[in-house]
Amino acid sequence: MAKEKNNMSLPDVFPRHIGFIMDGNGRWAKKRHMPRTFGHVEGAKTFEKIVRYCRDIGIECISFYAFSTENWKRSSDEVKAIINLLRQYIARARDYFVDETRMVFIGDKSAFPEDMRQQMIDIENETRDFDKMTLIIAVNYGGRDEIKNAAKQIARKALKGEIDPDQITEETVAAHLYTSEFPDVDLLIRPSGELRISNYLIWQCAYAEFYFSDVLWPDFMPEELNKALHEYAGRSRRFGGV
Ligand code: IPE
Ligand code: IPE
Ligand code: MG
C-alpha cells in the first residue's frame, strides 16, 4: 500500500538520512534583480517548509548545509546576513520542541559569537531525548575539517595510550566525527544545477545516492522532494556487492 500525504503519493521505502545542500539562493535573487541576501531570506523559508514536511511524512534524520568553512570567502555583508538569519532561527528554534525534533549543529562553532554558540549548545541539550526526527544543521562545516579534527582527537588519545594505532578501524574514525550518533547519508539532494558535493559530509556520503535538480533552493518545494524520494526508492543500492 503506497503512503500518501497532501494527495501526493509517497514510496514505501524511505532513506533514513537525507542530506540537503541548500544551493542557488544567490542566483534566485539575481534573477529577480534583488540582492543575494534576499535569496538567503527566501531560502531560509524553504528550509523551514522542508523540515516540517519531512517531520510530517516521518523521515528519521535530515541534515542541511547552511554555511561551509569556505563560505567565509564571500563579502562580509553576505556573511553577516547569513549569520544573522541563523541567529534569528536559533532564537525561534524552540517552536520545534513541540514537534519532538532533536536538533544538532555540526561544524566548528568556535567561529561564532559566544551567545550564539551557547544557544546552539543549549538547544542541543534540551532536545537530546527527542526521537521523532533528528534535524542536523551544518554551520561553519567542512568535511575535510571534520576529518582533520577527528584525526587530531584520535592522535591525542593514541599519545595518551588510550588508543592503540594498530586497532584503529573505520568505526574509530566515524566515532570521532560530528555525526557519530547518526546514520550515514542515504540520499543527498543538491538543487541549483551544480553537480558536486562541495565538501559536505564527504565521509558519510561514501555510499549515498545523489539527486541533482535544476530548481534553485528557494523554489525547492515538497513536490520536488517527493520526486527525489520516488527516484531513491527505485535505485538499486549494492554497497560493493552484487
Ligand atoms: C547557498 O546559496 C547558500 C549558501 C552557500 C550559504 P548560494 O549563496 O551559494 O547561491 P548561489 O549558488 O550563489 O546561487
Ligand atoms: C555549498 O554551496 C555550501 C552551502 C550550501 C552552505 P556553495 O555555493 O558554497 O558551493 P560551491 O562554491 O558552488 O561549490
Ligand atoms: Mg552556491
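Coordinates for the structure precede this section.
Residues numbered from 1 in each chain as written. Chains lettered and ligands numbered in written order. Predicted model: local features only at pLDDT ≥ 70, side-chain atom pairs only at ≥ 80, totals over all residues. Heavy atoms only, no water.

This brings us to the layout of surface pockets. The calculated volume of the largest pocket comes to roughly 840 Å³. Taken together, 34 residues line the largest pocket, and the ones lying closest to its centre are Met 22, Asn 25, His 40, Tyr 65 and Ala 66. Every element with two or more residues in the lining of the largest pocket is listed here: α1 (25–31), α2 (36–57), β4 (61–68), α3 (76–92) and β6 (133–141). The leading source of residues in the lining of the largest pocket is α3, at seven residues. Grouping the constituent residues of the lining of the largest pocket by class yields 15 nonpolar, nine polar and ten charged. (1 Å grid on protein atoms, 1.4 Å probe; cavity = no way out; pocket = protein on both sides within 12 Å on 5 of 7 lines; lining within 4 Å. Points joined across faces, edges and corners; volume = space filled by probe spheres on them. Helix = DSSP H or I, 4+ residues; strand = E, 2+ residues; numbered from the N terminus. Nonpolar A, V, L, I, M, F, W, Y, C, P; charged D, E, K, R; others polar.)

This part is about the side chain of Asn 71. Mapped onto the secondary structure, Asn 71 falls in the loop between β4 and α3. Within the structure, Asn 71 has its side chain in polar contact with the backbone nitrogen of Ser 68 (distance 2.8 Å). (Polar contact = N/O pair within 3.5 Å; in protein donor to acceptor, adjacent residues only side chain to side chain.)

A word on the site of ligand 2. Taken together, Ile 21, Met 22, Asp 23, Tyr 65, Ala 66, Phe 67, Ser 68, Asn 71, Arg 74, Arg 190, Arg 196 and Ser 198 form the complete shell of residues around ligand 2. Within the contact set of ligand 2, an oxygen atom lies 3.2 Å away from a side-chain nitrogen or oxygen of Arg 74. Measuring from an oxygen atom of ligand 2, one finds a side-chain N or O atom of Ser 198 at 2.6 Å. Comparing atom positions with the cavity grids shows ligand 2 to sit within the largest pocket. With four residues, the top contributor of residues to the shell around ligand 2 is β4. (Near = heavy atom within 4 Å. Sits in = over half its atoms within 2 Å of the grid points.)

This part takes up helix α7 (residues 222–234). With 13 residues, α7 extends 19 Å from end C-alpha to end C-alpha; this agrees with the ideal 18 Å at 1.5 Å per step. Buried residues of α7: Pro 222, Glu 224, Leu 225, Asn 226, Ala 228, Leu 229 and Tyr 232, and no others. Looking at the packing, one finds that the buried side of α7 touches β2 (8–10), β3 (17–21), α2, β7 (187–190) and β8 (209–212). (Expected span 1.5 Å × (residues − 1). Buried < 20%, exposed > 50% of the residue type's maximum accessible area, 1.4 Å probe, protein only. Contact = heavy atoms within 4.5 Å.)

Residues in close proximity to ligand 1 total 13 residues, the closest being Met 22, Asp 23, Arg 27, Arg 36 and Arg 74. Within the backbone of Gly 26, one N or O atom sits 2.9 Å away from an oxygen atom of ligand 1. Note that an oxygen atom of ligand 1 is positioned 2.7 Å from one of the side-chain N or O atoms of Arg 74. Isolated, ligand 1 exposes 380 Å² of accessible area, and the fraction of that covered by the protein chains is 87%. Taken atom by atom, the bulk of ligand 1 overlaps the largest pocket. In terms of residue count, α1 provides more of the shell around ligand 1 than any other element does, three residues in total. Residue classes in the shell around ligand 1 are distributed as three nonpolar, five polar and five charged. (Areas by Shrake-Rupley, 256 points an atom, 1.4 Å probe, with all protein chains shown as cover.)

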